[in-house]
Amino acid sequence: MAEQEYDLIVVGSGAGALLGAIRAQEQGLKTLLVEKTDLFGGTSALSGGGIWIPLNYDQKNSGIKDDLETAFSYMKRCVRGMATDDRVLAYVETASKMAEYLRQIGIPYRAMAKYADYYPHIEGSKPGGRTMDPMDFNAAKLGLPALETMRPGATGNMLFGKMSINAFEAHSMLSRELKSRFTIVGIMLKYFLDYPWRSKTTRDRRMAGGQALIAGLLTAANKVGVEMWCKSPLKELVKDASGRVTGVIVEKNGQCIQVNAKRGVMLGAGGFERNQEMRDQYLTKPTKAEWTATPVGGNTGDAHRAGQAVGAQLHLMDWSWGVPTMDVPKEAAFRGIFVERSLPGCMVVNNKGQRFLDESGPYPEFQQAMLAEHAKGNGGVPAWIVFDASFRAQNPMGPLMPASAIPDSKVRKSWLNNVYWKGETLEDLAGQIGVEAAGLKDSACRMTEYAKTGKDLDFDRGGNVFDRYYGDPRLKNPNLGPIEKGPFYAMRLWPGEIGTKGGLLTDREGRVLNTEGQVIDGLYCVGNNSASVMGPAYAGAGSTLGPAMTFAFRAVADMLGKP
Ligand code: FAD
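A quick note: this is a predicted structure, and the numbers were derived from the prediction, not measured.

Here is what the cut-offs are and how they apply
Each residue is numbered by its place in its chain's sequence as written, counting from 1. Per-residue local features of the predicted model are confined to residues with pLDDT of at least 70, and side-chain atom pairs are confined, for both listing and counting, to 80 or more; whole-chain, interface and lining totals are unaffected and use all residues. Each side-chain value is derived from all of the structure's non-hydrogen atoms; neither hydrogens nor water enter the calculation. Think of it this way: any DSSP run of H or I at least four residues long counts as a helix, any run of E at least two long counts as a strand, and we number them from the N terminus. Exposure classes here rest on a 1.4 Å probe applied to the protein chains alone. A residue is buried below 20% of its type maximum, exposed above 50%, and partly exposed in between. Working rule for contacts: check all heavy atoms of both residues, and any pair within 4.5 Å makes them a contact. Note on charges: Lys and Arg go in the positive column, Asp and Glu in the negative column, and His and the chain ends are not counted at all. Lys charges are placed at NZ, Arg charges at CZ, Asp charges at CG and Glu charges at CD. When two rings of Phe, Tyr or Trp (its six-membered ring) have centres within 6.5 Å they constitute a pair, described as stacked for plane angles under 30 degrees, edge-to-face for angles over 60, and tilted for the intermediate range. Neighbouring residues are identified by heavy atoms, a residue being near a molecule or strand if any of them is within 4 Å of it. In protein, a polar contact means a hydrogen-donor-capable atom and an acceptor-capable atom, both N or O and within 3.5 Å, with residues adjacent in sequence counting only if both atoms are side-chain atoms; elsewhere, any N or O pair within 3.5 Å suffices. Here, Shrake-Rupley sampling with a 1.4 Å probe gives the accessible areas, and only protein chains in the shown set may cover a residue. Asp, Glu, Lys and Arg are counted as charged, while Ala, Val, Leu, Ile, Met, Phe, Trp, Tyr, Cys and Pro are counted as nonpolar; the rest, among them Gly, fall into the polar class. A pair of strands counts as paired when DSSP detects no fewer than two bridges linking them. By disulfide we mean two sulfur atoms from cysteines, separated by a distance within 2.5 Å. The term salt bridge refers to a pairing of a side-chain nitrogen on Lys or Arg with a carboxyl oxygen on Asp or Glu at a separation within 4 Å.

With that settled, the discussion passes to the overall build of the protein chain. Within the protein chain, the regular secondary structure consists of 15 helices and 21 strands. Taking the principal axes of the C-alpha coordinates as reference, the protein chain spans close to 70 × 55 × 50 Å. Scored against the burial criterion, the 563 residues of the protein chain give a buried share of 61%. The long-range share in the protein chain, meaning contacts at least 24 apart out of those at least 6 apart in sequence, stands at 73%. Computed over 66 positive and 60 negative side-chain charges, the separation of the two mean positions in the protein chain equals 5 Å.

Below, the structure is given as structure tokens:
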């Protein structure tokens, strides 16, 4: 077998893997990154690119005061003992340094002053300022043809499926701020008038969210000279007689190659959500690989298995970063429904037609509630999101644009009774979707009543600052609206995820631990390949990418002996 040698081998090309490779190469370690698919960027490239960074450099602009003790105590409470205190502390201490490093390498971020932590009832949470959104990135800096090797963004994250929109603009649009109309026109004009760029590629020059993050990281990786191979899956890890991991076997051009690593191997090969067998083994049922919002063909847990084969301990394998998803024809992966479920005038029901959750709550808890409802025998899988003609007129829902922009007559015919269902009355709709009509009518009646009083007596929707982030601030309760005007609509939700969160257990430096709790020399793990430092929780938007990159940053420091 052919052999090659580097200082560091990084497996995968999501945000954590890329940041680790850049940092290591820049610090003098000759680094090779191997990616299984034909495109770099993984799920990270589809993502919103948000990072949850306590004590970040832009917090002062958001008017939020934060300190290490408060951030640590909040995160510790979220984690509920499922990640050790020293890992949690390592995260809180280093996340802001990592964000500063991103800025240094050309990927500046802005703090989101109004985006609250996900658990406002937990002491130490903040009403905003810890989540950061990447500044727009000009794809010309990465350039062609490199851009064509990067995974394109998710259609659902783009305006009309084509134009980039950042988190601030999306929020303004969904809150129906007047200025958002001008913003949208501005985005469209910029896109359509950029003939010089559009004559070269269909991708938007202006990148936002995960596209901005990954384009920035790929630009930095090229600049410092990281060697990167795509279509080169990790097959197994190589260890020596002492148990130290000394390299990898990868498949390239149909051949297996042994690549030796003098300083270490960093696994960043994502979760196992695309592997049905592993889902059946570990996740709550029912569970299906097709429900996930992550790229097809990518994350099948290969590096979980490779880690296990060298004695690594697995942890949190029954947890995922849950989100309700929808099947949209012609989109490769299911689409995550992060925002629309929070807007006033919709509700989510089981097959008895009853609500069973706060629709505006954090998405991981939403997915868990669907599974729990199903387990009770009430049919939460699928669940149905139901809304009326007034909601339909003004709001998007998954792939349906507001009817004021694209009325039903202009929606693809094949979507009726496939993507959405429509009934003149609630009874009619209930019959079509197989939900109990009496329950559905009662739920709609209650929602209409709650919209008047501004108080959801069943699930307290809109009763906290997190819920209210996406809503209509002009209403008594930004998340509550009547459901009374026909025709009525329903769409199907599945308990999907944006990644699994169980994986190889690591210490505070990202070093992998064996089943006895001892460090496996030479082996590091980051991102969804590793057991999350967030335990079962999602402390705030950006809780997956923030830790992935922060522990990659720490791992490189450890390799260099610079804690
Ligand atoms: P990935 O980014 O999935 O990268 C793993 C890579 O490893 C893939 O490219 C895969 O092909 C490769 N790989 C797999 N097996 C092998 C192998 N055997 N050999 C070599 N390579 C291999 N999280 C946030 O924190 N903030 C957000 O704003 C956010 N928004 C999101 C929006 C959407 C629509 C989605 C889908 C997700 C979002 N997430 C967000 C979640 C986040 O994107 C993921 O949790 C994160 O990208 C996982 O990073 P990772 O590096 O672990 O894995």
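Still to come is the rest of the account.
Another aspect to go through is the packing of aromatic side chains. Within the structure shown, the criterion is met by 21 aromatic pairs. Judged by centre distance (5.0 Å) and plane angle (40 degrees), the rings of Phe 387 and Phe 391 are tilted. For the residue pair Phe 387 and Phe 391, the accessibility class agrees, reading buried in each case. Members of the aromatic cluster, connected to one another through ring pairs, are Tyr 115, Tyr 118, Trp 321, Phe 338, Tyr 363, Phe 466, Tyr 469, Tyr 470 and Tyr 538.

Before going further, it helps to spend a moment on the site of the ligand. Around the ligand, the surrounding shell holds 36 residues, and the nearest of these are Glu 35, Thr 43, Ser 44, Asp 302 and Asn 528. Asp 302 places a polar side-chain atom, nitrogen or oxygen, 2.8 Å from a nitrogen atom of the ligand. Here the ligand loses 96% of its free accessible area of 1,000 Å² to cover by the protein chains. Among the residues making up the shell around the ligand, the classes are represented as 12 nonpolar, 21 polar and three charged.

Right, let's talk about the environment of Glu 169 for a bit. Following the sequence through the fold, Glu 169 ends up in helix H4 (residues 167–174). Setting aside chain neighbours within four positions, we find Glu 169 in contact with Ser 164, Thr 183, Ile 187 and Arg 206. A distance of 2.9 Å separates the side chain of Glu 169 from the backbone nitrogen of Asn 166, its partner in a polar contact.

One open sheet holds the three strands; their spatial order is E3-E5-E4, and the pairing between them is antiparallel. Edge positions in the open sheet fall to strand E3 (51–52) and strand E4 (109–111), since each of these has one partner strand only. Sheet topology places E4 next to strand E5 (residues 131–134); three bridges connect them, and they run antiparallel. Its bridge partner being in E5, Ala 111 is matched across the sheet by Met 132.

Here the focus is the state of the cysteines. A covalent bond between the sulfur atoms of two cysteines is referred to as a disulfide. Per the stated rule, a full pass over the model turns up zero disulfides. Looking at Cys 445, it has no disulfide partner, and the nearest cysteine sulfur is the one in Cys 346, 17 Å off. Given a relative accessible area of 54%, Cys 445 falls into the exposed group.

Here the focus is the side chain of Ser 530. As for its placement among the helices and strands, Ser 530 is situated in the loop between strand E21 (519–525) and helix H15 (545–559). For Ser 530, the side chain forms a polar contact with the main-chain oxygen of Gly 527, separated by 2.6 Å. Residues in contact with Ser 530, not counting those within four places in the same chain, are Lys 501, Gly 502, Gly 503, Leu 504, Thr 506 and Cys 525.

This brings us to the pairing of strand E1 (residues 3–11). Regular strands place their side chains on alternate faces of the sheet. Note: E1 against strand E11 (residues 255–267), eight bridges, orientation parallel. When the sheet's bridge partners are listed, Glu 3 is paired in E11 with Gln 258.

Considering the arrangement of structural elements, one finds Lys 501 in the loop between strand E18 (488–500) and strand E19 (503–504). Here Lys 501 occupies a buried position and makes no salt bridge, while the nearest side chain of opposite charge, Glu 365, is found at 7.6 Å. There is a polar contact of 3.4 Å between the side chain of Lys 501 and the backbone oxygen of Pro 536. A distance of 2.7 Å separates the side chain of Lys 501 from the backbone oxygen of Ala 537, its partner in a polar contact. What Lys 501 contacts, discounting residues up to four positions off in sequence, is Leu 316, Trp 319, Ser 320, Trp 321, Ser 530, Ala 531, Ser 532, Gly 535, Pro 536 and Ala 537.

Here the bond from Leu 144 into Pro 145 is cis, since omega is 5 degrees, no more than 30 degrees from zero. If you trace the backbone, Pro 145 turns up in the loop between strand E6 (137–138) and H4. In this structure, Pro 286 follows Lys 285 across a cis peptide bond, with omega equal to 0 degrees. In this fold, Pro 286 is placed in the loop between helix H8 (276–282) and helix H9 (302–309). The backbone of Asn 417 sits at a positive phi, close to 65 degrees, despite the residue not being glycine. Secondary-structure assignment places Asn 417 in the loop between helix H11 (389–394) and strand E17 (420–423). By relative accessible area, which is 44% here, Asn 417 ends up partly exposed. With phi around 55 degrees, Asp 460 is a residue other than glycine that occupies positive phi space. Within the fold, Asp 460 resides in the loop between helix H13 (437–453) and helix H14 (465–468).

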